[in-house]
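In case you want the letters, here they are:
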Amino acid sequence: MAPGEETTVPAAEPVAFPESLVVIGDGYPASGDPCRRLGESAVTSNWLDDSAVLVGCPGMAEAKALGGTILGADGPIAIVSVPMGDANAGLAAAGSAATSAPAATAPATDPIRGAGGMESACHERINEMTSGEVIGTQRIEEAESGVMIYVNVRTAQAPWQCFGSREGVLDQVFYGGDEGAL
C-alpha cells in the first residue's frame, strides 16, 4: 500500500437470523446493535412474558453482555430474557413520604394489569381450569372492543385466552388451540 492511500476494512457479515424467529427492529438495545428483539414464534412462545424483553444475539459474548438470562439457542442465535426492571423501584424508600401517604392520594390502579385486575383474574380462572399450570402472561392486546390476554400454560400447545372489557371485567376464558390436543 502506498503512503497516503486510505485503507478500508470490509464490514463484518451480519449473522442471518433463522426464519423460525420473529425479529423485531434493527438492533437491541440500540439501533444498529447485533442483537434483535424477538416476537412470538413456535421457538419463543414459552419464554415470552410481560416482565422481560426476549432478545436474540448472534453470539454468546453479545448475549452475556445484555445481563439477562440465556434461555437457549436457535441455530447460531442465543436467546436471552432481559428483565425490564422493577416498576416499583424507588417508590417507597425507607422513611419517605410515599410510605406514609394516605390512601386517598395513591395513584389509581390499572384495571387490566394492576393488583386484582383482569390479568390476575384471568390467571386465577385458568389455574382453576388447568390445575395450577399457568406459567405467565404472553401478551395483552387492547382494542376498542375490549382486552385480550394471552396466557402460557405448562403442557398447552397454544396459549389460553381471556377476553374482557377495558374497565377490567373478565368475560370469557378459553383455550386458543385445538381442544383435542389438551
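My aim in this report is to walk through the structure given alongside it, one point at a time. Just so it is clear, the structure is predicted and the values come from calculations on it, not from any experiment. (Residues numbered from 1 in each chain as written. Predicted model: local features only at pLDDT ≥ 70, side-chain atom pairs only at ≥ 80, totals over all residues. Heavy atoms only, no water.)

### A closer look at the sheet that holds strand β7 (residues 146–153)
The test is simple: When DSSP finds two or more bridges between two strands, those strands count as paired. Only DSSP runs of H or I covering at least 4 residues are called helices, and only runs of E covering at least 2 are called strands; the numbering of each starts at the N terminus. Comment: axis = line fitted to C-alpha atoms, over the contacting stretch for helices; angle = value between 0 and 180 degrees taken between N-to-C directions. Note on contacts: a residue pair qualifies if any of its non-hydrogen atoms lie within 4.5 Å across the two residues.
A sheet is described by the order of its strands in space; here 4 strands give the open sequence β6-β7-β8-β9, paired in antiparallel fashion. Looking at strand neighbours, the two that pair on one side only are β6 (134–143) and β9 (170–175), the edges of this open sheet. Ignoring which end each strand starts from, the neighbouring axes of this sheet average 20° apart. In this structure, β7 lies alongside strand β8 (residues 160–164), joined through 5 bridges in antiparallel fashion. Bridge assignment links Ile149 to a residue of β8, and that residue is Cys162. Sitting on the sheet, helix α3 (residues 118–130) touches β6, β7, β8 and β9, and the angle it makes with β7 is about 45°.

### Focus: the environment of Val151
Counting through the fold element by element, Val151 comes out in strand β7. Taking the C-alpha atoms as reference, Val151 lies 7.3 Å from Arg139; in sequence the two are 12 residues apart. What Val151 contacts, discounting residues up to four positions off in sequence, is Cys122, His123, Ile126, Val134, Gly136, Thr137, Gln138, Pro159 and Trp160.

### A look at the state of the cysteines
Disulfides are covalent bonds that link the sulfur atoms of two cysteine residues. We count it as follows: We call a pair of cysteine sulfur atoms a disulfide whenever their separation is within 2.5 Å.
Per the counting criterion, the structure on display carries 2 disulfides. Here Cys35 engages in a disulfide with Cys57; their sulfurs sit 2.1 Å apart. Taking the torsion about the S-S bond as the criterion, the Cys35 to Cys57 disulfide, at about 110°, is right-handed. Taken together, the positions of Cys35 in strand β2 (residues 35–38) and Cys57 in strand β3 (residues 52–57) put the pair 22 residues apart, joining distant regions of the chain.

### Section: the pairing of β2
Strand residues, when the strand is regular, have side chains that alternate between the two faces of the sheet. Bridge analysis of strand β1 (residues 23–28) against β2 gives 3 bridges, and the strand direction is antiparallel. Opposite Ile24, over in β2, you have Arg37 as the bridge partner. Between the end of β1 and the start of β2, which pair antiparallel, lie 6 residues, with Gly32 showing a positive phi angle near 95°. Both β2 and β3 contribute to a ladder of 2 bridges, which runs antiparallel. In the sheet register, Arg37 faces β3, and the bridge partner there is Val55.

### Some details on α3
Note the cut-off: What a helix should span is 1.5 Å times the count of its residues minus one. Only protein chains enter the accessibility calculation, which uses a 1.4 Å probe; a residue is then buried when its area is under 20% of its type maximum, exposed when over 50%, and partly exposed in between. Of all possible arcs, the one meant is that of the directions from the helix axis to the C-beta atoms.
Taking 1.5 Å as the rise per residue, α3 with 13 residues should run 18 Å; its terminal C-alpha atoms sit 18 Å apart, in good agreement. For α3, the complete set of buried residues consists of Met118, Glu119, Cys122, His123, Ile126 and Thr130. Down the axis of α3, the smallest arc covering the buried residues is 140°, so these residues share one side. Among the exposed residues of α3, those pointing more than 90 degrees away from its buried face are Glu124 and Glu128. Structurally, α3 contributes buried residues whose contacts are with β6, β7, β8 and β9. Positive backbone phi, approximately 60°, marks Ser131, located one or two places after α3.

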